[in-house]
Amino acid sequence: MSTVKPEHPALQAKVRCFGSKAALTAEATYITQEGGVPLAALNLEVAPRQGERIEWNRKIVLQLGEDDLPLLCCVCLGYLPKAEFKRPTKGITIERQPGRIYLTASQGSGTGYALPLPISQSFRLGALALAQLKKQSVCDDEQLVLAALRGAAALYKG
């Protein structure tokens, strides 16, 4: 893992996507484990939309770290059709569909939000995820990172 110096949270890169019924914020962040070096990660926050207002107080948040970030990148790059990120009480699914990526988030029973990410937003999410993955990696060569992702995608059982 490479050594990283976390930026102030307000200065970290973000991608915001707005659908008619929900919104997504993907934010560059870091995971710091006891005594360890900070590890680049990505927070996904999905919240419902009521008209023009996003209800961020009802958001579902998932942090994608070492195990999850490569899968997100594989879907964004088209190496995998779908990936699921599950936690004990919540989860996010991201799936490639014609002309877009479709994201669904759920928490508990009955709480769920979904939104399509058109090509431009899919690109920005993929670019941010790749930037964070590169920070995690011991490799600075983008072509080697892409080759490693293709190899990892071939192992994925979903």
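Structure shown above.
The structure reproduced in this document is the subject of the present report. Since we're looking at a predicted model, the values are computed, not measured. (Residues numbered from 1 in each chain as written. Predicted model: local features only at pLDDT ≥ 70, side-chain atom pairs only at ≥ 80, totals over all residues. Heavy atoms only, no water.)

## Describing the pattern of salt bridges
Move 1: Under the criterion given, the structure shown has nine salt bridges.
Move 2: Salt bridges sharing partners connect three or more residues here, namely Arg53, Glu55 and Arg58. (Salt bridge = Lys/Arg side-chain N within 4 Å of Asp/Glu carboxyl O.)

## Quick word on the pairing of strand β3 (residues 39-50)
Move 1: Here β3 lies mainly inside the structure; eleven of its twelve residues are buried.
Move 2: Of the pairings in the sheet, the one linking β3 to strand β5 (residues 60-64) comprises five bridges and is antiparallel in character. Considered in β5, the bridge of leucine 42 is made with leucine 64.
Move 3: Bridging between β3 and strand β4 (residues 53-54) involves two bridges; their strand directions are antiparallel. Opposite arginine 49, over in β4, you have isoleucine 54 as the bridge partner.
Move 4: Linkage of β3 to β4, two consecutive antiparallel strands, is achieved through a turn of two residues, within which glycine 51 is found at a positive phi near 65 degrees. (Buried < 20%, exposed > 50% of the residue type's maximum accessible area, 1.4 Å probe, protein only. Helix = DSSP H or I, 4+ residues; strand = E, 2+ residues; numbered from the N terminus. Pairing = 2+ DSSP bridges.)

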